[in-house]
Amino acid sequence: MATRGMGLGRPAARRALLHAPWKPWRYTAADYRAAAATATAPTPLSGTPADSPWEPGLASTLTDIGYRIEEETVLDTLLADLA
């Protein structure tokens, strides 16, 4: 997941995509659903919804589930990717 977890970081990720080529890492609707399913005491999303051009289904999934997922929540998954 990029920039500040899944939630408030989406607008920043979208702006970065306009200026530099990058490939989202663990920043898809499926990744979000998996993380939300295991989150304990998640924080509700706030702010204005933003689109996610790299993953069209992410924005609606975020709105439907409504939780902010921090990197710490999925740290084991992220570290396993790097192993």
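Let me sum up the structure you'll find in this document. (Residues numbered from 1 in each chain as written. Predicted model: local features only at pLDDT ≥ 70, side-chain atom pairs only at ≥ 80, totals over all residues. Heavy atoms only, no water.)

### A few points about the packing of helix α2 (residues 29–38) against helix α3 (residues 56–65)
No. 1: As a packed pair, α2 and α3 sit with axes 8 Å apart at the nearest point and diverge in direction by 20 degrees. Considering the angle they form, α2 stands roughly parallel to α3. As α2 packs across α3, the resulting crossing turns out to be right-handed. Contact with α2, carried on its side by Ala29, Tyr32, Arg33 and Ala36, involves Gly57, Leu58, Thr61, Leu62 and Ile65 of α3 and no other residues of that element.
No. 2: A breakdown of the residues in the contact of α2 with α3 according to their chemical character gives 6 nonpolar, 2 polar and 1 charged. (Axes fitted to C-alpha atoms, helices over the stretch in contact; angles between N-to-C directions. Helix = DSSP H or I, 4+ residues; strand = E, 2+ residues; numbered from the N terminus. Parallel < 35°, antiparallel > 145°, perpendicular 65-115°, else oblique. Left-handed = near helix turned anticlockwise from the far one by under 90°. Contact = heavy atoms within 4.5 Å. Nonpolar A, V, L, I, M, F, W, Y, C, P; charged D, E, K, R; others polar.)

### Here we look at α3
No. 1: All buried positions along α3 are accounted for by Leu58, Ala59, Thr61 and Leu62.
No. 2: Phi turns positive one or two residues past the end of α3, at Gly66, with a value near 80 degrees. (Buried < 20%, exposed > 50% of the residue type's maximum accessible area, 1.4 Å probe, protein only.)

### A word on the packing of aromatic side chains
By convention here, two paired aromatic rings are described through the distance between centres and the angle between planes.
No. 1: Applying the stated rule across the entire model yields 1 aromatic pair.
No. 2: Measuring from ring centre to ring centre gives 5.2 Å for Tyr27 and Trp54, while their planes differ by 10 degrees; the resulting arrangement is stacked. Within this pair, whereas Tyr27 is found in the loop between α1 (9–19) and α2, its partner Trp54 is found in the loop between β1 (43–44) and α3, the two being separated by 27 residues in sequence. Note on accessibility: Tyr27 and Trp54 belong to one class, buried. (Phe/Tyr/Trp six-rings, centres within 6.5 Å; stacked < 30°, edge-to-face > 60°.)

### Re the nonpolar core
As a rule of thumb, nonpolar side chains are buried together in soluble globular proteins.
No. 1: Formed by Ala13, Tyr27, Tyr32, Ala35, Ala36, Ala39, Trp54, Leu58, Leu62, Ile69, Val74 and Leu78, the largest nonpolar core amounts to 12 residues.
No. 2: Contributing elements (two or more residues each) for this core: α2 and α3.
No. 3: In terms of residue count, the dominant contributor to this core is α2 (3 residues). (Core = buried A, V, L, I, M, F, W, Y, C linked by side-chain atoms within 4.5 Å.)

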